[in-house]
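Here is what each chain is made of, one letter per residue.
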Amino acid sequence: MDDPPKDPDVKALDGISHSPPRPKSQFYSQQLPKTSGSHHPRNHSLDGASDEDDFYRYPVNHMMETGAGAGACEDGQMLPNEPLPEFVGSGGGVGVFKAPIRAAMHPTRPPCIEIRPHPLRESQNLEVCGLQQGGKLIKTIASTDTQLWGGQETGVRVWKYSDTFEPGSVAEIPGRKLPRGDEEAAMFHESASTSPTLCLMVDEASKMVWSGHKDGKVRSWKMDQQFTDGNTFKEGLSWQAHKTPVLSMTMSFYGDIWTGAEGGNIRIWPWEGLEKSLGLTQEERRMASVLVERSVIDLRALLTVNGVCNMPSSDVKYLLSDNVRAKVWAAASQTFSLWNARTRELLKVFNLEGQIENRVDTPSQDQPVEDGDNAKFVNKGKKDKSQGFLQRSLNALIGAADAVRKVAKGAGALVEDTKKIEAMMIAADGVIWTGCSNGLIIHWDGNGNRLQDFTRHPAAVQSFCSHGSRIWVGYATGNIQILDLEGNLVAGWVAHNEPIIKLVVGHGHLFSLATHGGVRGWNISSPTTIDSTLRQQLSERADMYTRRDKVTIMVGTWNVSQGRASETALKSWLGSLAVSDVGIVVVGLQEVEMGAGFLAMSAAKETVGLEGSAVGQWWLDNIGKALNERTVFERVGSRQLAALMIAVWVRKTVRPHVGDLDVAAVACGLGRAIGNKGGVGLRLRVHDQLICFVNCHLAAHLEAVNKRNADFDHIFRTMSFSRSTQTAAGVSSANQAVKNSNQTTSTGPEEARPDLAEADMVVFNGDLNYRLFGISYDEARDLVSQRSFDWLRQKDQLRAEMKAGKVFQGMREAILMFPPTYKFEIGKPGLGGYDSGEKKRIPAWCDRVLYRDNKAGTTTKDCSLDCPVIASISQYDACMDVVESDHKPVRCKLNLDIAHVDKAVRRQEFAKILLTNEEIRSSIEELRFVPDTSVSTDTIELQNQDTFCFKITNPSPEHCVFFKITCLGPCANEDPNCRSRGSFGFPRWLHVGPAAGLIQPEQEADVTVHHEELHKLEDLTGGAAQSWWAEDSKDKELTLVVSVQGSCSTDVKTHRVTLRHRSVPVG
């Protein structure tokens, strides 16, 4: 018989030496005899030759044919990491199989200022990182005219807008390390360590920022203090507001601080007590705290009669001051309470539907959990052995699901609120906005009446912000939308890759905070024409802020056939010699544990967010030992779906650049609910680029090619990653349900791309179960013994399906140069261990590793921000000496070049463009425009219970304006020691309404000023008047300020009105 036609793989390997194998090699080479260059196998049919463009031709390591690959040999000699030739599947580059578009600047997002670039999530976990080395997760932000404040795990921090673009990140404290996650942040100053900050509130009148903390304290911080490099700043006035965490706070129309806590507790801290305490010296701080604590008004205590109270008992998540109408809103998860800010009277309790609730709330009692002994299967007789595996699995699944759900229901684990209040805001026109966990946005009037509701995005609303005619909405998907005052969609973009939990406006920018602690600033007018100019100029400077790094990843896959590996086997596969130059190790296991009962119980546990098994933990622990976990490597996370498990370890020196672990699972077994087949995935951010690893076990049997293809397609399109809830020890738990078969598998042009399609690199590994076709058992054995892998590759189902573009579209695999890894007799060494039983299964390459990076098609590009991840394979082999399973473990070493952005340098380039580009400077100047307005009077005189009306007129024929009225406090001839009330609030004897609102073009607003009869109110603190505001018998004089701005103005125009009240004796 003539020699077979040369396969393109062989052409690529023509330069390989045929030297004999190394005698000490632990891999397949030690089982194979040396052969000549020409092979004469026994006669059998071979189909036509392959195409010429099946793979990339890279320089090949001269040891490849001997089986040593480019990895480490037993004697420790390291071979050069030269790239191996690769086979490339057809069908890539289109649809969901197209690599994501990358660029130096995001093509569809407005350019932003990275105040605090996205820190790795794990770097912000103090329990993992330790207080000194760990990061400081930012949970909330607030903006003053000149500063951005952040509430963090250990206190507060402040950025000065004037220092935003300065080089460096933090005024470092001698002897203390830079907090992780702040390496590229804008320069900031931080406070002395405190309990975690949960909420912030700005008080421009007092020049204070108030913070609520987990320890139940409220603390104050001076805005105008001198922040010095290398020193932390200290708190001012503080007091114990609650015994439980301060969840929310606001400052009312009258300058009082309202705080909300757990159990529906709301307390008021009157301005009179705050004013006196703020006037005390530093040495009198203790006395100041006592004064405030004594002034408290506990609303629950006031409204509790005979042990019952009509206030909601749920945690007070949000407090909102309606300064248009002098009211305060308090919100729990699904209920509101509305209060009169002056009298502190409860006006109304109502739910999300707007229905009034008059019920009496008492603390709820947890339902008793059912005894765990009851959560077990009942054996009603001998097992019917005539039942097949599928029927037994169904029966077990029904029983397991029922038992697990009973226990979970008793514990409350299945109680999920589909519509909860997640955000709250008052717009410039006085309408109250609330956002819900189901994406619903609701408008309310000032009396708590529901006006309208609508949905603009399917994800949960997490935050609101209002400025002029614009409303910004932050979603759980990381999207920001701009709506008008009626709720119509104006624009939107993806701002972060995690939920946006806070939005604030300041210094001409919208600042957004995501759950990972990253803070970005967006021009208040974006999207606008200057965005394209900024994007273009920043892109042209990409070389100045591009950085490149190299990372080596070892991916291992093994179908363990329900067995357990010896220490020797694990070291042969993943020992120190194998991973000596590796930064990241990813291991995928199949058939960790099988059996109908186990698989059914696992499926039931997944429905309530539970995963893992004792056997799975054994594998994690023992692989960790082989990798020298805790000394060399750190386990970052894992995910188990029944018989499938994937885990990742990262070398400690590489760990600072790797994080944001997310997990996923997709079942493809019976009814796409059982995890004997399917995929489990991990997603990591490596040097700021996303890499996904998926461990698969696809449908078995020679003839099930189409089912395998369908399993891959289902996994690729439906795998959805979510945050892992792993502990410090690296043990993860499921936090998402397995994707079900009802989820669509089609991706239309308007549908979101699958998570895997959006990754910079995707690596699939596992028992893919593709077999050899058109060949007999004896022919396959002969070709293996003669190392005629070029013949065998032509009979590989996976290669044929990839060439046809039916599966793993556009993905790459190194040319197979090791023996088939299935099926072997357990415990039998050498190539003589192939299945010789009754079935004589044909040897096959079931166990594979494939990948897709940022390269488009088959054209190699240089690593850049346009193509940030480029990979090559330097080792692809099987450990043929391992005999604990009917499969051999396989490993693949990937060498990555990764390009990423130096955020600090790009921020400086951003500043240079803002300062030098005339078009941008002109556009920013235009934002300062404020339409002219007029106020009908500059002096108001009132006597007892008098009312006075004045008008604010907007003469502009095209621009609307927004006004806000505040109180500066006493005029110059009054007590010079008296200060303005908090947030420029009004004295309780004065009512102004509306104190804010919208004036349409060529329209006017009528404002009423009314003197209240104060002696009827209980406005005394400690039994006596505390300031001139509480004295009803004295003539008073103060200044009202009418502030006016346009629909998107960064500047404000003001009008001042002097108000005099002259007391007239009664009778």
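A quick note: this is a predicted structure, and the numbers were derived from the prediction, not measured. (Residues numbered from 1 in each chain as written. Predicted model: local features only at pLDDT ≥ 70, side-chain atom pairs only at ≥ 80, totals over all residues. Heavy atoms only, no water.)

(A) Inspection of the overall build of the protein chain at higher detail. When helices and strands are counted, the protein chain shows 17 helices and 52 strands. By the burial criterion, 57% of the 1067 residues in the protein chain qualify as buried. Once local pairs closer than 6 in sequence are excluded, the contacts in the protein chain between residues at least 24 apart make up 68%. Here the protein chain displays about 42800 Å² of accessible surface, and carbon together with sulfur accounts for 49% of that area. (Helix = DSSP H or I, 4+ residues; strand = E, 2+ residues; numbered from the N terminus. Buried < 20%, exposed > 50% of the residue type's maximum accessible area, 1.4 Å probe, protein only. Contact = heavy atoms within 4.5 Å. Areas by Shrake-Rupley, 256 points an atom, 1.4 Å probe, with all protein chains shown as cover.)

(B) Expanded view of the packing of aromatic side chains. Per the stated rule, a full pass over the model turns up 33 aromatic pairs. Judged by centre distance (5.0 Å) and plane angle (40 degrees), the rings of F97 and F716 are tilted. Of this pair, F97 sits in the loop between β2 (86-88) and β3 (112-116) while F716 sits in helix α12 (residues 705-718), placing them 619 residues apart in sequence. For the ring pair W329 and F350, a centre distance of 5.7 Å and an interplane angle of 85 degrees mean the geometry is edge-to-face. Remark: F350 occurs in strand β19 (residues 346-351) and W329 occurs in strand β17 (residues 327-331); sequence separation between them is 21 residues. Judged on exposure class, the residue W329 and its partner F350 are both buried. (Phe/Tyr/Trp six-rings, centres within 6.5 Å; stacked < 30°, edge-to-face > 60°.)

(C) Up close: the nonpolar core. Membership of the largest hydrophobic core comes to 58 residues, with the highest contact counts inside it found for I553, Y876 and L894. Filtering out sequence-adjacent residues up to four positions away, L894 remains in contact with V551, T552, I553, V555, M761, V763, Y851, S872 and I873. Core analysis: the second largest hydrophobic core is formed by 43 residues, W258, V935, I965 and V1009 among them. (Core = buried A, V, L, I, M, F, W, Y, C linked by side-chain atoms within 4.5 Å.)

(D) Seen up close, the sheet that holds strand β14 (residues 266-269). The sheet built from four strands is open, its strands ordered β12-β13-β14-β15 with antiparallel pairing. The strands lining the two open edges of the sheet, one partner per strand, are β12 (248-251) and β15 (297-298). Pairing of strand β13 (residues 257-260) with β14, which is carried by four bridges, proceeds in the antiparallel orientation. Note on β14: the bridge partner recorded for I257 is W269. (Pairing = 2+ DSSP bridges.)

(E) Spotlight on the pairing of strand β20 (residues 421-426). Counting buried residues in β20 gives five out of six residues, a clear majority hidden from the surface. Connecting the antiparallel pair β20 and strand β21 (residues 432-436) is a turn made up of five residues, with G430 showing a positive phi of about 90 degrees.

(F) A look at helix α7 (residues 529-540). The first and last C-alpha atoms of α7 sit 18 Å apart over twelve residues, in line with the 16 Å expected at 1.5 Å per residue. Every buried residue of α7 is accounted for by I530, D531, T533, L534, R535 and L538. Looking at the packing, one finds that the buried side of α7 touches β30 (519-523), α8 (542-545), α16 (903-916) and α17 (918-926). (Expected span 1.5 Å × (residues − 1).)

(G) Inspection of the pairing of strand β45 (residues 939-942) at higher detail. Of the two faces of β45, only one is covered, namely that formed by I940 and L942; the face formed by T939 and E941 stays uncovered. Here four bridges tie β45 to strand β52 (residues 1053-1061), and the two strands are oriented parallel to one another. Within the sheet, the bridge partner assigned to L942 lies in β52 and is H1061.

(H) Representation of the pattern of salt bridges within the structure. Throughout the structure, instances matching the rule amount to 54 salt bridges. Ionic pairing is found between D688 and K903, a salt bridge with its closest N-O pair at 2.9 Å. One end of the pair, D688, is in the loop between β36 (678-686) and β37 (689-697); the other, K903, is in helix α16, and 215 residues separate them in sequence. For K903, a relative accessible area of 10% gives the class buried. Residue E758 is joined to R753 by a salt bridge in which the shortest nitrogen-to-oxygen separation is 2.5 Å. A residue is classified by how much of its surface remains accessible, and R753, at 28% relative accessible area, is partly exposed. Through salt bridges with shared partners, one network takes in R121, E498, D662, R683 and D755. (Salt bridge = Lys/Arg side-chain N within 4 Å of Asp/Glu carboxyl O.)

(I) A look at the packing of α7 against α16. Running from N to C, α7 and α16 cross one another at 130 degrees; their axes reach a closest spacing of 10 Å. Compared by their axis directions, α7 and α16 come out oblique. When you trace α7 past α16, the crossing you get is right-handed. From α7, L534, Q537 and L538 reach across to α16, where they touch R906, E909, F910, I913 and L914. Along the lines of polarity and charge, the residues of the contact of α7 with α16 split into five nonpolar, one polar and two charged. (Axes fitted to C-alpha atoms, helices over the stretch in contact; angles between N-to-C directions. Parallel < 35°, antiparallel > 145°, perpendicular 65-115°, else oblique. Left-handed = near helix turned anticlockwise from the far one by under 90°. Nonpolar A, V, L, I, M, F, W, Y, C, P; charged D, E, K, R; others polar.)

(J) Layout of the sheet that holds strand β11 (residues 238-240). Spatially, the four strands line up as an open sheet ordered β8-β9-β10-β11, and their pairing is antiparallel. Each having just a single partner strand, β8 (197-203) and β11 make up the two edges of the open sheet. Across the sheet, the mean angle from the axis of one strand to that of its neighbour is 15 degrees, orientation sign disregarded. As defined by bridge partners, β8 adjoins strand β9 (residues 208-213) across six bridges and the pair is classed as antiparallel. Bridge pairing links T197 to H213 in β9.

(K) Spotlight on the packing of α16 against α17. Put simply, α16 and α17 touch, their axes get as near as 5 Å, and they point 75 degrees apart. It follows from the interaxial angle that α16 and α17 lie roughly perpendicular. Every residue of α17 that contacts α16 at I913, L914, L915 and T916 is listed here: E918, I920, R921 and I924. Of the residues belonging to the contact of α16 with α17, the class tally is five nonpolar, one polar and two charged.

(L) Geometry of the environment of A878. Along the chain, the position of A878 falls in strand β42 (residues 869-878). Of the residues examined, A878 reaches a relative accessible area of 0% and is grouped as buried. Separated by eleven residues in sequence, A878 and P889 have C-alpha atoms that sit 5.7 Å apart.

(M) The arrangement of the environment of P957 in detail. With respect to the secondary-structure elements, P957 resides in the loop between β46 (947-954) and β47 (961-970). Residue class for P957 comes out exposed when judged on its relative accessible area of 63%. P957 sits 46 residues away from Q1003 along the chain, and the two C-alpha atoms are 9.1 Å apart. Setting aside residues no more than four positions away along its own chain, P957 makes contact with P1001 and E1002.

(N) Broad picture of unusual backbone geometry. Here the bond from S526 into P527 is cis, since omega is -5 degrees, no more than 30 degrees from zero. In this structure, P527 sits in the loop between β30 and α7. One non-glycine residue, R344, adopts positive backbone phi at about 60 degrees. Within the secondary structure, R344 is located in the loop between β18 (335-340) and β19.

(O) Spotlight on the confidence of the model for the protein chain. Of the residues in the protein chain, 78% reach a pLDDT of 70 or more, and the chain-wide mean stands at 81. The lowest-confidence element of the protein chain is strand β1 (residues 55-56), averaging 30 in pLDDT; the highest-confidence one is strand β22 (residues 440-444), averaging 98. Below a pLDDT of 50 lies the segment residues 362-386, which in the model reaches 14 contacts outside its immediate sequence neighbourhood of four places, other chains included. The model gives residues 404-416 a pLDDT under 50, and that stretch makes 19 contacts with residues more than four places away or in other chains. (pLDDT = per-residue confidence, 0-100.)

(P) Examining the side chain of R520 more closely. On the secondary structure map, R520 appears in strand β30. For R520, a relative accessible area of 13% gives the class buried. For R520, the side chain forms a polar contact with the side chain of E114, separated by 3.3 Å. With residues up to four places along the chain from it excluded, the contact list for R520 reads R109, C112, I113, E114, A495, H496, L510, F511 and S512. (Polar contact = N/O pair within 3.5 Å; in protein donor to acceptor, adjacent residues only side chain to side chain.)

(Q) Molecular detail of the environment of D713. Counting through the fold element by element, D713 comes out in helix α12. By relative accessible area, which is 23% here, D713 ends up partly exposed. With 94 residues separating them in the primary sequence, D713 and V807 have C-alpha atoms 7.3 Å apart.

(R) Examining the side chain of T718 more closely. Secondary-structure assignment places T718 in helix α12. Judged by its relative accessible area of 1%, T718 falls in the buried class. A polar side-chain atom of T718 sits 2.5 Å from the main-chain carbonyl oxygen of H714.

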